[in-house]
Amino acid sequence: MKKLEQFRMLGLSENTLHALEKKGFEEPTPIQQKTIPLLLKGEVDIIGQAQTGTGKTAAFGLPILEGIQEKSKTVQALILVPTRELAIQVSEELNSLKGEKNLQIMPIYGGQSMEEQLRRLRKGIDVVVGTPGRILDHLRRKSLRLGNISYLVLDEADEMLNMGFIDDVEEIIKNTSAQKRMLLFSATMPEKIVHIAEKYMKNYEMVGVKKRAAYHKPDGSDLF
Ligand code: AMP
């Protein structure tokens, strides 16, 4: 486990370290180094300026998976993403990072059978990774309740804005519990995104990394 020492020093549990070992991760990426301790310790919300490929999914995913309870019978975290592909990808990444923890993680997107989604939601889901339109559908049907969530993540917020989902996103935010931690990740920070952040996030910290971050594998080559 010596290889994973840097991950251990960020405050992650043995269960998570085992999951990371299985995935073959050796050291945290810059966004993970900055975000994980902040999320594990403080009470702050986070705005991360980071693109896909920087390891941002694990940056927010690992502390969220550590922070939520097994068998709570209520949705504890919602991750909003712009596309169905990303919903599936993020959900798969979280599943591979949860280790032995008994958590139900589900992607929810339009185009997928409503019946099947309703059936799974009734059985109890801990983490929902969804696209805004279908999440709003479920909120209106009351098949999804977000009044108890501990974490809300807006992933690729600028893409959700570009695709015209920002009003849906705002309506979803209004349906979430007041005491949640909110995280916003975006490659760019257009005014509308900054506005949402300022309106709904309390005490937030900005964390930024460039795509070609100074992150190298031990042999000196770039990983990202
Ligand atoms: P993301 O930016 O979250 O889309 O992640 C990009 C890819 O990098 C995914 O395939 C991750 O599984 C992988 N990845 C994330 N963090 C690390 C890490 N610390 N070491 C190696 N690979 C990683």
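Our subject is the structure that appears above.
Residues numbered from 1 in each chain as written. Predicted model: local features only at pLDDT ≥ 70, side-chain atom pairs only at ≥ 80, totals over all residues. Heavy atoms only, no water.

(A) Up close: the site of the ligand. Surrounding the ligand, one finds 16 residues, the nearest of these being E27, Q32, G53, G55 and T57. E93 has a polar side-chain atom sitting 2.9 Å from an oxygen atom of the ligand. Protein coverage of the free-state accessible area of the ligand, which is 500 Å², stands at 79%. Residues that form the shell around the ligand fall into these classes: five nonpolar, seven polar and four charged. (Near = heavy atom within 4 Å. Polar contact = N/O pair within 3.5 Å; in protein donor to acceptor, adjacent residues only side chain to side chain. Areas by Shrake-Rupley, 256 points an atom, 1.4 Å probe, with all protein chains shown as cover. Nonpolar A, V, L, I, M, F, W, Y, C, P; charged D, E, K, R; others polar.)

(B) Representation of unusual backbone geometry within the structure. A positive phi is found at K71, a non-glycine position, where the angle reads about 50°. Here K71 lies in the loop between helix 4 (56-67) and strand 2 (77-80). Taking relative accessible area as the criterion, K71 reaches 64% and is therefore assigned exposed. Positive phi is not limited to glycine here, since K73 has a value of about 65°. If you trace the backbone, K73 turns up in the loop between helix 4 and strand 2. (Helix = DSSP H or I, 4+ residues; strand = E, 2+ residues; numbered from the N terminus. Buried < 20%, exposed > 50% of the residue type's maximum accessible area, 1.4 Å probe, protein only.)

(C) Structural detail: the packing of helix 7 (residues 132-141) against helix 9 (residues 166-174). For the pair helix 7 and helix 9, the least separation of the axes is 9 Å and the interaxial angle reads 40°. One finds that helix 7 runs oblique with respect to helix 9. Handedness of the helix 7/helix 9 crossing: left-handed. Where helix 7 abuts helix 9, its residues P132, G133, I135, L136, L139 and R140 lie against D168, V169, E171 and I172. (Axes fitted to C-alpha atoms, helices over the stretch in contact; angles between N-to-C directions. Parallel < 35°, antiparallel > 145°, perpendicular 65-115°, else oblique. Left-handed = near helix turned anticlockwise from the far one by under 90°. Contact = heavy atoms within 4.5 Å.)

(D) Representation of the environment of H138 within the structure. Residue position: H138 is located in helix 7. Between the C-alpha atom of H138 and that of E170, which follows or precedes it by 32 residues, the distance is 15 Å. Those residues within four positions of H138 in sequence are excluded, and the remaining contacts are I108, M114, Q117, L118, L121, S143 and L144.

(E) Quick look at the pattern of salt bridges. Under the criterion given, the structure shown has nine salt bridges. R119 is paired through a salt bridge with E116; the nearest N and O atoms lie 3.0 Å apart. Taken together, the positions of R119 and E116, both in helix 6 (residues 114-123) and three residues apart, correspond to about one turn of that helix. Of the residues examined, R119 reaches a relative accessible area of 38% and is grouped as partly exposed. (Salt bridge = Lys/Arg side-chain N within 4 Å of Asp/Glu carboxyl O.)

(F) Structural context of the packing of aromatic side chains. Evaluated as defined, the whole model comprises one aromatic pair. Taken together, a centroid distance of 5.4 Å and an interplanar angle of 40° make the contact between F60 and F185 tilted. Of the two residues, F60 is situated in helix 4 and F185 in strand 6 (residues 181-186); the sequence distance between them amounts to 125 residues. For the pair F60 and F185, a shared accessibility class is recorded, and that class is buried. (Phe/Tyr/Trp six-rings, centres within 6.5 Å; stacked < 30°, edge-to-face > 60°.)

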